[in-house]
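One-letter residues, chain by chain:
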Number of protein chains: 2
Amino acid sequence: MKVTILGNNSALPAFGRHPTAQAVSVYGEVLLIDCGEGTQSQMQRFGLRWRSMHHIFISHLHGDHYFGLPGLINSMSLLGRTAPLHLYAPAELKPIIDSILAVADTVLSYPFYFHALPEQGTVLLVDDSSFSVTCFPVEHRIQCHGFLVERKTRGRKLLPEKCREYEIPAAYYEDLKQGNDYERKDGLLVKNEWVTEDGPAVKRYAYCADTLFTDNFLPVVMNADTIYHECTYLEADKEKAIARYHSTATQAAQLAKMANAKQLLLGHFSSKYKELEPFREEAAAIFPNVFLSIEGIAYEV
Amino acid sequence: MKVTILGNNSALPAFGRHPTAQAVSVYGEVLLIDCGEGTQSQMQRFGLRWRSMHHIFISHLHGDHYFGLPGLINSMSLLGRTAPLHLYAPAELKPIIDSILAVADTVLSYPFYFHALPEQGTVLLVDDSSFSVTCFPVEHRIQCHGFLVERKTRGRKLLPEKCREYEIPAAYYEDLKQGNDYERKDGLLVKNEWVTEDGPAVKRYAYCADTLFTDNFLPVVMNADTIYHECTYLEADKEKAIARYHSTATQAAQLAKMANAKQLLLGHFSSKYKELEPFREEAAAIFPNVFLSIEGIAYEV
């Protein structure tokens, strides 16, 4: 399970950095979280295929989080997409997209489903066999949501050579994946651990969107493997952060520590900062396992 | 008078090419024509300052001609623009922009004026002391406009040394610029051509937007210094061009020839073509003074 950063800047493009977008890869599925201007080009650039993408999540309706969406929706249609696409976003985005399509006389080549995010509460949005996505409210100047992506386990992983060695018929493989033993006709009980190993673990990635420092959503992100938390500002500019409903690197680290996360990913850097290393240093003093989100890098969750 | 190409591709970003946008520079003023996704970044990249820009013209509401507009409008506000901005576009764009601003609770930092383009007819949009812009209808799948940008002359250019030599008071300089002679108190008639030279000539740039090949707008673009004409396709794909209300390189050249233009600029290349030189070659057989529009290049009109 990986997170590829497509845009790590806040508000404006600057210093070659783009507005916010991330792609979470889970078992070959690509989940797009936020879609700032230029996201379709960034996906091309970093080899992320929209053919593997069926769900897009928009945290809130500040332009730096969704101005790349109309272009992406349009381009997939021009390129003949047929697979359904599900968009989860604040309700007010729907009439905007409808108008953009209508004025261009565009009929999309694929089924497009708009799902309005709930105005409040923590709500399960997608519950697939291999992953789930839950939204939770964060504290921003307008309605804004974080997203918790959970990779489910797929059961135990078969060791094909061992299975053959014990002459287990393929029809029983699914049973083995569920952790069961197998009894042969000759009476030998083949222990599950002889022919399987641990499958991929459950992993949890919490994208905390744009937010004031708050512990309101702490229960949802508790014990996450990786927390992405914005830090638009350094602690020296804390007053600005508060005034604009944003956070500092110190606050991001505090949140990760309180949540007992394994790893912290920092992003949404203000255009006033050319150098990003000070964000990492500031956060590392509180929460050592911290990384700057850098465009094009895929972080293991 | 120059045209800087910010995006030369049709529909999709491809091969590093961006969707349509151009900046026409007239006496230090920057006029933006169309604004595909990524235009604000392209302006940064090529050193075009929005502080010199007060007018934006959108030919039609296919996304590849305006999806960069919300980001540009927003960014200028975040950066504290105070000068008024005038947007000329099909009327249906206004509610879309209004909604985009409303859902973000955005109040722009500068006066923003929306001017709906006329549903038909050739109409003067801006008549400044140093330039004018006229829109004219072209033939596309939806309402679509070309723009004729005319640089006005600024009268004759003074030769300061000569003026001093003939002891002409500065108060008469404006009179000299208008082409008048000056009679000195000692009776000497100073001929205008002794102390001035030709000022910048009237220049006409015709942006023909997305269009089927048609001579409907020929009277408007007649004798233009430079015609920009789309050629989404090569002549071999003429059927596709017709079906999609686009033109071929051959047709662009025919139009330029019929219009008795001095120069032709080709653009809006389909993503199906990686190489662009065949467009130039095809057009040059009919109209020799032809250039490919290449991003980042500023073409003298």
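Residues numbered from 1 in each chain as written. Chains lettered and ligands numbered in written order. Predicted model: local features only at pLDDT ≥ 70, side-chain atom pairs only at ≥ 80, totals over all residues.

What chain A contains, in helices and strands, is ten helices and 18 strands. Principal-axis analysis of the C-alpha atoms gives chain A an extent of 75 × 55 × 35 Å. In chain A, which comprises 301 residues, the share counted as buried stands at 46%. Put simply, 64% of the contacts in chain A that link residues at least 6 apart link residues at least 24 apart. (Helix = DSSP H or I, 4+ residues; strand = E, 2+ residues; numbered from the N terminus. Buried ≥ 20, exposed ≤ 12 C-beta atoms within 10 Å, placed from the backbone. Contact = placed C-beta atoms within 7 Å.)

This brings us to the sheet that holds strand 2 (residues 21-26) of chain B. Residue and element names in this part refer to chain B. Spatially, 6-5-4-3-2-1-18 is the arrangement adopted by the seven strands of the open sheet, whose pairing is mixed. Bordering the open sheet on either side are strand 6 (112-116) and strand 18 (298-300), each of which pairs with just one other strand. Between one strand axis and the next, the sheet turns through 20° on average, direction left out of account. Strand direction decides the pairing type here: strand 1 (residues 2-7) and strand 2, joined by five bridges, are antiparallel. The partner of V3 across the bridge, within strand 2, is V24. (Pairing = 2+ DSSP bridges. Axes fitted to C-alpha atoms, helices over the stretch in contact; angles between N-to-C directions.)

This part covers the packing of helix 9 (residues 249-258) of chain A against helix 10 (residues 277-284) of chain A. When two helices pack together, their arrangement is captured by the angle between the axes and the distance separating the axes. All names here are of chain A. Where helix 9 contacts helix 10, the axes come no closer than 8 Å and their chain directions differ by 40°. Regarding the angle of helix 9 to helix 10, the classification is oblique. Relative to helix 10, helix 9 is oriented so that their crossing is right-handed. Contact residues: helix 9 offers A249, T250, A252 and A253, while helix 10 offers F279, E282 and A283. Residue composition of the contact of helix 9 with helix 10, by class: five nonpolar, one polar and one charged. (Parallel < 35°, antiparallel > 145°, perpendicular 65-115°, else oblique. Left-handed = near helix turned anticlockwise from the far one by under 90°. Nonpolar A, V, L, I, M, F, W, Y, C, P; charged D, E, K, R; others polar.)

The next subject is the interface of chain B and chain A. Listed per partner, the contact involves 27 residues of chain B and 27 residues of chain A. For the side of chain B that touches chain A, the secondary-structure elements that each account for two or more residues are helix 1 (39-45), helix 2 (69-78) and helix 3 (93-103) of chain B. Broken down by class, the residue content of the side of chain B that touches chain A amounts to 13 nonpolar, ten polar and four charged.

Time to look at the sheet that holds strand 8 (residues 131-137) of chain A. Each strand in a sheet pairs with its neighbour through backbone hydrogen bonds, running either in the same direction (parallel) or in the opposite one (antiparallel). Residue and element names in this part refer to chain A. Reading across from one edge, 7-8-9-14-15-16-17 is the order of the seven strands in this open sheet, with mixed pairing throughout. Looking at which strands have only one partner, the edges of the open sheet turn out to be strand 7 (123-127) and strand 17 (290-292). On average, each strand axis in the sheet is tilted by 20° relative to the strand beside it, whichever way the strands run. Looking at chain direction, strand 9 (residues 145-151) and strand 14 (residues 203-207) are connected through five bridges and run antiparallel. The partner of L148 across the bridge, within strand 14, is A206. Contacting strand 15 (226-230), strand 16 (263-267) and strand 17, helix 9 runs over the sheet at an angle of about 155° to strand 15. Taken strand by strand, helix 10 contacts strand 16 and strand 17, and its axis lies near 170° from that of strand 17.

Inspection of the secondary structure puts L266 of chain B in strand 16 (residues 263-267). Apart from the residues lying within four places of it in its own chain, the contact partners of L266 of chain B are H229, C231, A249, A252, F279, R280, A283, V290, L292 and S293 of chain B.

For chain A, the mean per-residue pLDDT works out to 97, and 100% of the residues sit at or above 70. Reported confidence for the predicted complex is 0.90 by ipTM and 0.92 by pTM. (pLDDT = per-residue confidence, 0-100.)

The subject of this paragraph is the packing of helix 3 (residues 93-103) of chain A against helix 3 of chain B. It is the contact of helix 3 of chain A with helix 3 of chain B, at a shortest axis distance of 10 Å, that shows an interaxial angle of 155°. Between helix 3 of chain A and helix 3 of chain B, the crossing angle belongs to the class labelled roughly antiparallel. Crossing hand, helix 3 of chain A versus helix 3 of chain B: left-handed. Within the contact between the two elements, helix 3 of chain A uses P95, I96, S99 and I100 of chain A and helix 3 of chain B uses P95, I96, S99 and I100 of chain B.

Here we come to the nonpolar core. Ranked by internal contacts, the top residues of the largest apolar core, which has 157 residues, are L32, I227 and L264 of chain A together with L32, I227 and L264 of chain B. Residues contacting L32 of chain B, with those up to four places away along its chain left out, are A21, A23, M53, I56 and F57 of chain B. (Core = buried A, V, L, I, M, F, W, Y, C linked by C-beta atoms within 7 Å.)

Bringing the domain arrangement of chain A into the picture now. Segmentation of chain A into domains returns domain 1 (2-154 + 200-300) and domain 2 (157-196). Inter-centroid distance (C-alpha atoms) of domain 1 of chain A to domain 2 of chain A is 42 Å. (Domains from an automatic or database assignment.)

Before going further, it helps to spend a moment on the relation of the copies chain B and chain A. Overlaying chain B with chain A gives an RMSD of 0.2 Å, the required rotation being 179° about an axis along which the chain moves by 0.1 Å. Here the transformation between the copies is reduced to the relation of a two-fold axis. Both copies contact each other with a shared surface, as 100% of the interface residues of chain B are interface residues in chain A too. (Least-squares fit on C-alpha atoms with pLDDT ≥ 70 in both.)

A few words now on the pairing of strand 14 of chain A. Residue and element names in this part refer to chain A. Among the five residues of strand 14, four are classified as buried, and the element is accordingly described as predominantly covered. By the bridge criterion, three bridges tie strand 14 to strand 15 in an arrangement that is parallel. When the sheet's bridge partners are listed, Y207 is paired in strand 15 with Y228.

All right, on to the pairing of strand 9 (residues 145-151) of chain B then. All names here are of chain B. Within strand 9, seven of the seven residues are buried, which leaves the element mostly enclosed by the surrounding structure. Of the pairings in the sheet, the one linking strand 8 (residues 131-137) to strand 9 comprises seven bridges and is antiparallel in character. Bridge pairing links F131 to R151 in strand 9.

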